[in-house]
Amino acid sequence: MAGGIDALVVGAGVVGVTAALALQERGLQVMLLEQNSVAEGCSFGNAGLIAPGAFPLSAQYRLTDLPAAFLKSNSPAALDWISTLRLLPWGFLYAKATRWDKVRRDTDLLHDLCRDALRSYEVLLGSDLPQISRRGYLTIHLSSAELEKAIHVNSIRTSMGLTVRMLVGSEIAEFEPALKGVAAAGATLVDGAAHIIDPAAFVKCLANVFVRRGGSVSRDRVQALRSKKSGEVTVYGDLETYSPRTAVLTTGAHANQLLADCDHRIPLVAERGYHLELDVEPGFIGGPLAIPGLGVVLAPSARGARITGISHFGSPGLRARPELLLSALKRARKVLPSLRVRPGFEVWSGERPATPDSLPIIEQIPGYRSMFVSCGHGHLGVTLAAISARILANLVRGNSSNYAAQLSSQRFASN
Ligand SMILES: Cc1cc2nc3c(=O)[nH]c(=O)nc-3n(C[C@H](O)[C@H](O)[C@H](O)COP(=O)(O)OP(=O)(O)OC[C@H]3O[C@@H](n4cnc5c(N)ncnc54)[C@H](O)[C@@H]3O)c2cc1C
């Protein structure tokens, strides 16, 4: 039995690796367990954006908008129909999250968290922070209706303290030359946004820093958890049994599997997202480029660029449908005809851990004083990982915070 561990973090995606670093920073001896390799889950292939602000999904879609979005053949949203019944409780909480006062509060909280996001990485990593580009985040508005909507959204962003610039005409291609010749009604540039080029390499680099600072990473799949009233924890892996002082679950969209051992369940579904490598040169685009009218984001990658996107909802483990992204690529080619699949590459997909209000769940597992969970980061795992790690590590050390109070799963019981 492996002992002498202060904190065992299960799951080495971006949320787990940053949590391990933050616990280590507080003087704990930390072990990170991962069933595959570091960053092979959802954290492998995202768009790499560290957003300075964000809106919950409930601000964009009412529950009644969703069936039409799921049924439209050219929609970026899809439902795994086999999962429908199991998604109903989540859908009920999502409907509650679309109430205007709740949307307002969640938008405020998301913006507060995002505002601290980049700084939290800097504090956690110091001079070990891998390269992060800070070029801003561009969104293209293809029609005047989209532009009008963007003007309204931008006024909210400005009221939240963000700096936003509207680009028109030739200014768009001056900022992003790949857009030369694209007929756009306008574009929004959000200052303060940062991005990473290779999300998997970024998380692996963070894991290496964790090891250099004295942490250990092991490959094992956790099958079960047990905790006594005294607080003693036992974690059963395929290969070993662990007896840490504290266990932290950062198992992404699959968190409920292990939480079941603690008779705890959180409202979490999988929102599968996709990416595909494009046959373009490095530098084709300078930073992430959202085209909401097509439901895609183009993101720089180590090889050139990727097309990313799609919100495919279902139970964790839902079957992937690569054709959803291929059809998005077809739509994107109407705007940027040079976009082609890089030979030898196939569609990748990963399960975003999605809560009904687009906010993560960070909490001590009710009734278990030595067990914690941090998951549900949805579209914002890279953005919110370091600040979530700080909130979690403080909680483990017995210091709750205003953030921790708002991010407990109790919020779903109380409103
Ligand atoms: C297409 C796409 C684009 C995105 N773009 C962005 C973006 O631009 N900016 C942003 O902030 N976010 C973005 N995201 C979201 C972001 O990628 C996720 O929120 C984030 O990766 C979630 O991280 P995680 O660590 O919680 O989960 P994961 O990365 O899935 O990590 C969980 C880990 O736990 C492990 N695990 C599970 N069960 C066990 C077990 N029993 N034993 C041991 N290990 C276990 C898994 O193997 C996995 O490695 C995007 C996502 C997608 C899909």
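See above for the structure.
Described in the following lines is the structure provided in the data block. Source: prediction; values computed, not measured. (Residues numbered from 1 in each chain as written. Predicted model: local features only at pLDDT ≥ 70, side-chain atom pairs only at ≥ 80, totals over all residues. Heavy atoms only, no water.)

1. Here's the deal with helix 5 (residues 117-125)
Three or more residues of helix 5 are buried, namely Ala117, Leu118, Ser120, Tyr121, Leu124 and Leu125. The arc that holds the buried residues of helix 5, viewed along the axis, is 160 degrees, so those residues lie on one side. Check the buried side of helix 5 and you find it contacts helix 1 (14-25), strand 3 (49-50), helix 4 (100-115), strand 8 (194-195), helix 8 (199-212) and helix 11 (381-396). Once helix 5 finishes, Gly126 follows within two positions and takes phi at roughly 55 degrees, a positive value. (Buried < 20%, exposed > 50% of the residue type's maximum accessible area, 1.4 Å probe, protein only. Helix = DSSP H or I, 4+ residues; strand = E, 2+ residues; numbered from the N terminus. Arc of directions from axis to C-beta. Contact = heavy atoms within 4.5 Å.)

2. Examining the pattern of salt bridges
Inspection of every chain in the model, using the stated rule, returns 20 salt bridges. Among the ionic pairs, Asp101 bridges to Arg105, the shortest N-O distance being 3.8 Å. Pair noted here: Asp101 and Arg105 are both in helix 4, with a separation of four residues, about one helical turn. Judged by its relative accessible area of 44%, Arg105 is partly exposed. Across the pair Arg104 and Asp108 runs a salt bridge whose closest N-O atoms are separated by 3.9 Å. Here Asp108 and Arg104 lie together in helix 4, a separation of four residues that amounts to about one turn. Assessed through its relative accessible area of 28%, Asp108 is described here as partly exposed. A single salt-bridge network, built from bridges that share partners, covers Lys102, Asp106, Asp357 and Arg411. (Salt bridge = Lys/Arg side-chain N within 4 Å of Asp/Glu carboxyl O.)

3. A few points about the side chain of Ser374
Secondary-structure assignment places Ser374 in strand 20 (residues 371-375). With a relative accessible area of 3%, Ser374 lands in the buried category. Excluding anything up to four places from it in sequence, Ser374 contacts Val15, Leu249, Thr250, Ile361, Ile362, Ser388 and Leu392.

4. A short note on the sheet that holds strand 2 (residues 30-34)
Taken in spatial order, the six strands make up an open sheet running 9-2-1-13-20-19, and their pairing is mixed. The outermost strands of the open sheet, each flanked by one partner alone, are strand 9 (216-219) and strand 19 (361-364). Each adjacent strand pair in this sheet contributes to an overall mean axis angle of 20 degrees, direction not counted. Pairing analysis gives four bridges linking strand 1 (residues 7-10) to strand 2, with the strands arranged parallel. Each bridged residue has a counterpart across the sheet, and for Leu8 the counterpart in strand 2 is Met31. Set on the sheet, helix 1 makes contact with strand 1, strand 2, strand 13 (246-249) and strand 20; between it and strand 2 the angle comes to about 170 degrees. (Pairing = 2+ DSSP bridges. Axes fitted to C-alpha atoms, helices over the stretch in contact; angles between N-to-C directions.)

5. Here's the deal with the packing of aromatic side chains
Taken as a whole and assessed by the stated rule, the structure comprises five aromatic pairs. Considering the side-chain rings of Trp90 and Tyr94, the 5.6 Å spacing of their centres and the 15 degrees angle between planes classify their relative orientation as stacked. Residue Trp90 and its partner Tyr94 are located together in helix 3 (residues 84-97), separated by four residues, close to a single helical turn. Residue class for Tyr94 comes out buried when judged on its relative accessible area of 1%. (Phe/Tyr/Trp six-rings, centres within 6.5 Å; stacked < 30°, edge-to-face > 60°.)

6. Description of the pairing of strand 18 (residues 348-354)
Of all seven residues that make up strand 18, seven are buried, and the element is covered over most of its length. A two-sided burial pattern is seen for strand 18, the buried positions comprising Trp348, Gly350, Arg352 and Ala354 on one face and Ser349, Glu351 and Pro353 on the other. Judged from the seven bridges that link them, strand 14 (residues 269-278) and strand 18 form a sheet pairing that is antiparallel. Residue Tyr274 lies in a different strand from strand 18, and its bridge partner there is Ser349.

7. What to know about the site of the ligand
Taken together, 34 residues are adjacent to the ligand, and Glu34, Ser43, Leu49, Gly378 and Thr383 come closest. The contact in question runs from an oxygen atom of the ligand to an N or O atom on the backbone of Gly381, over 3.0 Å. Against a free-state accessible area of 1,000 Å², the protein chains account for coverage of 95% of the ligand. The biggest single contributor to the shell around the ligand is helix 11, with three residues. (Near = heavy atom within 4 Å. Polar contact = N/O pair within 3.5 Å; in protein donor to acceptor, adjacent residues only side chain to side chain. Areas by Shrake-Rupley, 256 points an atom, 1.4 Å probe, with all protein chains shown as cover.)

The values are spatial; any link to function lies outside them.
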